[in-house]
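# Summary of the model geometry
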Amino acid sequence: MAVPWSRCWRSGAGAAVLLDWCCGFSRRAFTHAASAGRRTDSSAAATQVLFRQGPVYNFNRPTTITRRRNRCLYTTPPVCCSICSDAKLKDPFSLAQKDLQNLYEEIKKLLVSKAELKVLCDYYFDGKGKAFRPMIVILMARACNVHSNKEGVLLPAQRSIAMISEMIHTASLVHDDVIDDSDTRRGKNTINKVWGERKAILAGDFILSAASMALARIGNNTVVSVLSQVIEDLVRGEFMQLGSKENENERFKHYLEKTFKKTASLIANSCKAVSILVNSDPEVHEIAYQYGRNVGIAFQLVDDILDFTSCANLLGKPSAADLKLGLATGPVLFACQQFPELHAMIMRRFSSDGDVDRAWQYVLKSDGVEQTNYLAQHYCQEAIRQISRLRPSTERDALIQLTELVLRRDK
Amino acid sequence: MAWRSRFSYIGRRHLSIFANPSPSNWTKVVSDAEKIVGYPTSFMSLLSDELSNVAMHVKKLVGTKHPLLNTASNSDLICDSMVIYPSQRNLAEITELIHTAFLVHRGIVNLKEWMNSDGPLKNMQFGNKMAVLSGDFLLANACTGLAQLNDSKVVELISSAIGDVMQGIYHESSTSAEEGSLTVASWEDQTFLPHGALLAKSCQAAMKLARHDTEAQNWAFQYGKHLALGHKLNSDLQLFVKSGSEPAVFSLDSAPVVFHRQIVGPERWRHQLKQVQNMARQIDYTKLWGLIKMERGVSQGLDLCSYHSNKALEAMKCFPPSEARSALENMAYALTKF
């Protein structure tokens, strides 16, 4: 029986395959299989996923999967299970609370300017943001510190990274609002609406330069390289958003790559940076990076879902915003499977009259949201799998619990 | 690509697309300087990195009797590439990237001020979008380029220069024509940020990359600062000094106008503005130009330009004589020519 490609991954083993494909792991699986001169069942299944053929993959037959994939993505690792149900588990926010407390004040101290420019720069550092990125960075730093046989106390340089990541994020938000001509953010008027586009861009540049200075002051060239890459990724991600792909399969890959560049790269590389500061083992850097990457992508996927399902006032910014910008996100791309009418709309970026409304209807009628949710779950599971390789600590467990928060958020 | 530096060395030419046509003198000294460094299109740039590597190793032969040393000292190829390190060349390109990025971001339009005569709003919006993205792209490349220099002090220095430039442009656009007058000192402070900081700090950074001491770094900074300020003055003064040129329009923030305002005082300035404005509050620039030429604003600007030219020359005296030093001195001299 032919199963549509978008569904085959919802079963356990299929999910492993899709996730590998999404996470780029399949590239390694392919090369491994290719070099071994055989076509594993998993690579065959991945091919089907990519090229939408009916599945040959027998979900019941045991497969020759690599040791890596054996660390179950679809059966909850026992470690995770017991911890998730542990009532004594500290909420990630409260765990990072002390370190986060003065973060915004300290960021504002780095923004040395006067008069109106100061007002603009401080505008979004009012403590009303989610502080999601700094929180991850801080928890990751402490988890790595414990793993490296140091105490779970934050190094000053790691704290700097948390601040720098928030500053880079904010600078990119300010620029995005100009590019998207947005009116509101976090419940207040955007900088470009209040002070004009020109000043908004200059303020964003200024925040970026302050972040860059703080980064340099840490004095670690590797860390500087790692985080400079983020800045480039952010811009490339934005450029990617300008273009669209004809081919459906390319579209999804394009969407995930763009999501990585625009959202996950910052989190992944910040996590990597704090691990570099305390540990020289590249495996640890990779764990930190992969955790950040997977959580980052999941975060964005949920964000894209919320754009369809949430009310405007809860988010602090208007919904169906992505459609109105001509962007086809996860839910739309999945919905396109059930409603091919969306094809043409995607290609013309929902520019015709009534496109936005019709597309929204299609998405809500389809299981696009549900599918995107499943995908986000699998990214989270991968993140958990990665972070579980670190030595146990309250911070590590908080990072595991954080993935749950990412999935459950409503704003 | 347009942003690739046409030359890279310790002093720099400002690539200002809003500047008046440079005097032939300036163009000549710049072109002479370019010859010392080499065009990117010459084959030297293709090999320059490799040659520089070779050159650095050949240096170790100094004091030995190896014949390669003779060849090297007679050969333009290796000699020239001994003068500039690859990292310094990269720094120069990075500086150009930043400069271009700020030019691009400076051109962003405030949509609230859009009028029908500007054309369709959609075009302005799209133009803004492209300006933001291109500027960001250039800045991002500058950041990754800086990271590759593997010198965090230099990264800090140049990042602070980016901040200075952005601050400078921000405040430039904030001051309106009719506000209180600026003193010469405050004009310098205000002009340094958008027009001087980048050059001054990249000159300093170039010294740092070659591991020169803080004194050399400071002199390089001073040269860059005074050359940049002098160049801005020279640029602003062109309109008022060159014979036979009556401007269609000029900036009320340009040096001669600012000094003029300070000399005549706020009341008389307001009166003069009214004199040259029509019913629709549009300024007749030719009339205003005439009024300004009658006072001492222009000569004060000329004096200040000489001052900065001399300060730049002073800074260069601290470096040993060389072709490069002469080229830089010639650029400083050229500032006082119109």
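For clarity, every value in this text was computed on a predicted model and none was experimentally measured.

Further remarks concern the overall build of chain A. Within chain A, the secondary structure is distributed over 23 helices and 2 strands. On chain A, roughly 16,900 Å² of surface is accessible, and the fraction owed to carbon and sulfur atoms is 52%.

It is worth spelling out the overall build of chain B at this point. For chain B, the helix and strand inventory stands at 13 helices and 0 strands. For chain B, with 338 residues in total, the buried portion stands at 50%. Here the contacts in chain B between residues at least 6 apart in sequence split such that 74% fall between residues at least 24 apart.

This brings us to the packing of helix α19 (residues 330–338) of chain A against helix α22 (residues 368–387) of chain A. All names here are of chain A. Look at α19 against α22: their axes get within 8 Å of each other, and the N-to-C directions meet at 120°. The orientation of α19 relative to α22 falls into the category oblique. For the crossing formed where α19 meets α22, the hand is right-handed. Between α19 and α22, the contacting residues are Gly330, Pro331, Phe334 and Ala335 on the first element and Gly368, Val369, Gln371, Thr372 and Leu375 on the second.

On the side of chain B, 37 residues touch chain A, which itself brings 38 residues to the contact. Summing both partners gives a buried area of about 3,500 Å² for chain A against chain B, and 66% of it is carried by carbon and sulfur. Looking only at chain A, the three residues that lose the most surface to chain B are A:Ile179, A:Arg198 and A:Leu202, adding up to 19% of its buried area. Across the chain A-chain B interface, the total number found is 1 salt bridge. With a shortest N-O distance of 3.4 Å, A:Arg217 and B:Glu156 are connected by a salt bridge.

For the rest of this paragraph, the subject is the confidence of the model for chain A. On average, residues of chain A carry a pLDDT of 79, and 76% of them reach 70 or more. Note on residues 1–88 of chain A: pLDDT is under 50 here. Beyond four places in sequence and across chains, it has 118 contacts.

The subject of this paragraph is the environment of B:Leu237. All names here are of chain B. Relative to the helices and strands, Leu237 resides in helix α9 (residues 214–241). Here Leu237 falls in the buried class, since its relative accessible area comes to 0%. Taking the C-alpha atoms as reference points, Leu237 and Phe338, separated by 101 residues in sequence, lie 8.6 Å from one another. With near-sequence residues (within four places) excluded, Leu237 lies in contact with Pro256, Val298, Gly301, Leu302, Cys305 and Phe338.

Of note, B:Asn110 is situated in the loop between α5 (86–106) and α6 (121–148). The buried category is assigned to B:Asn110, whose relative accessible area is 15%. Here A:Glu197 takes part through its backbone nitrogen, which lies 2.9 Å from a polar atom of the side chain of B:Asn110. Ignoring any residue separated from it by four or fewer positions in sequence, one finds B:Asn110 in contact with A:Gly196, A:Glu197 and A:Arg198.

Moving on, we come to helix α11 (residues 156–180) of chain A. Along its 25 residues, α11(A) runs 36 Å from first to last C-alpha, staying within 8% of the 36 Å computed at 1.5 Å per residue. Counting buried positions along α11(A) yields 21 of 25 residues, so the element is predominantly enclosed.

Along the polypeptide, A:Asn145 turns up in helix α10 (residues 132–147). For A:Asn145, the residues in contact, after removing those within four places along its chain, are A:Lys150, A:Glu151, A:Gly152, A:Val153, A:Leu154, A:Leu155, A:Gln158 and A:Val278.

The next thing to look at is the confidence of the model for chain B. Caution applies to low-pLDDT regions: their predicted coordinates should not be interpreted in detail. Residue and element names in this part refer to chain B. Summarising the model, chain B shows a mean pLDDT of 80, and 76% of its residues fall at 70 or more. The weakest mean pLDDT in chain B belongs to helix α4 (residues 76–83) at 50; the strongest belongs to helix α12 (residues 297–316) at 94. Note on residues 1–22: pLDDT under 50 across the span, and 60 contacts to partners over four residues away in sequence or across chains. Below a pLDDT of 50 lies the segment residues 75–81, which in the model reaches 12 contacts outside its immediate sequence neighbourhood of four places, other chains included. For this predicted complex, the interface confidence reaches an ipTM of 0.78, while the overall pTM sits at 0.79.

All names here are of chain A. The contact between α10 and helix α16 (residues 282–309) brings their axes to 11 Å, and the two run at 155°. Comparing their axes, α16 and α10 come out roughly antiparallel. Relative to α16, the crossing made by α10 is right-handed. Contacts between α10 and α16 involve Phe132, Arg133, Ile136, Met140, Cys144 and His147 from the first element and Val284, Ala288, Tyr291, Val295 and Phe299 from the second.

We now examine the pattern of salt bridges. Residue and element names in this part refer to chain A. Scanning all chains against the criterion turns up 29 salt bridges over all chains. As a salt-bridge pair, Arg408 and Glu404 come within 3.7 Å of each other at their nearest N and O atoms. Of the two residues, Arg408 and Glu404 are both situated in helix α23 (residues 394–408); the distance of 4 residues between them amounts to about one turn of the helix. Taken together, the salt bridges that share partners define one network made up of Asp99, Arg142 and Glu395.

The subject of this paragraph is the environment of A:Trp195. All names here are of chain A. If you trace the backbone, Trp195 turns up in helix α12 (residues 191–195). Sequence separation between Trp195 and Leu342 is 147 residues; the distance between their C-alpha atoms is 38 Å. Other than its neighbours up to four places away in sequence, Trp195 contacts Glu116, Val119, Leu120 and Tyr123.

Another point: helix α21 (residues 355–365) of chain A. Residue and element names in this part refer to chain A. Every buried residue belonging to α21 is among Asp355, Val356, Ala359, Tyr362 and Val363, and all of these are buried. For α21, the angular spread of buried residues about the axis comes to 125°, placing them on one side. Across α21 from its buried face, at more than 90 degrees, point the exposed residues Asp357 and Lys365. Looking at the packing, one finds that the buried side of α21 touches α16, α18 (321–324), α19, α20 (341–347) and α22.

Each aromatic ring pair is summarised here by two numbers: the centre-to-centre distance and the angle between the ring planes. Using the criterion set out here, one finds 12 aromatic pairs over all chains in the structure. Residues A:Phe239 and B:Phe137 carry aromatic rings whose centres are separated by 5.9 Å and whose planes lie at 90° to one another, so their mutual orientation is edge-to-face. Taken as a pair, A:Phe239 in helix α14 (residues 221–242) and B:Phe137 in helix α6 lie in two separate chains rather than in one. Between B:Phe240 and B:Phe250 the ring centres are 5.3 Å apart and the planes differ by 65°, which places this aromatic pair in the edge-to-face class. Residue B:Phe240 is located in helix α9, and its partner B:Phe250 is located in the loop between α9 and α10 (255–276); the two are separated by 10 residues in the primary sequence.

Even without a glycine there, the phi angle at A:Arg186 is positive, about 50°. With respect to the element layout, A:Arg186 can be found in the loop between β1 (184–185) and β2 (188–189). Positive phi is not limited to glycine here, since B:Asn150 has a value of about 55°. Mapped onto the elements, B:Asn150 comes out in the loop between α6 and α7 (152–174).

About the cut-offs
Residues numbered from 1 in each chain as written. Chains lettered and ligands numbered in written order. Predicted model: local features only at pLDDT ≥ 70, side-chain atom pairs only at ≥ 80, totals over all residues. Heavy atoms only, no water. Helix = DSSP H or I, 4+ residues; strand = E, 2+ residues; numbered from the N terminus. Areas by Shrake-Rupley, 256 points an atom, 1.4 Å probe, with all protein chains shown as cover. Buried < 20%, exposed > 50% of the residue type's maximum accessible area, 1.4 Å probe, protein only. Contact = heavy atoms within 4.5 Å. Axes fitted to C-alpha atoms, helices over the stretch in contact; angles between N-to-C directions. Parallel < 35°, antiparallel > 145°, perpendicular 65-115°, else oblique. Left-handed = near helix turned anticlockwise from the far one by under 90°. Buried area = accessible area lost by both parts, 1.4 Å probe. Salt bridge = Lys/Arg side-chain N within 4 Å of Asp/Glu carboxyl O. pLDDT = per-residue confidence, 0-100. Polar contact = N/O pair within 3.5 Å; in protein donor to acceptor, adjacent residues only side chain to side chain. Expected span 1.5 Å × (residues − 1). Arc of directions from axis to C-beta. Phe/Tyr/Trp six-rings, centres within 6.5 Å; stacked < 30°, edge-to-face > 60°.

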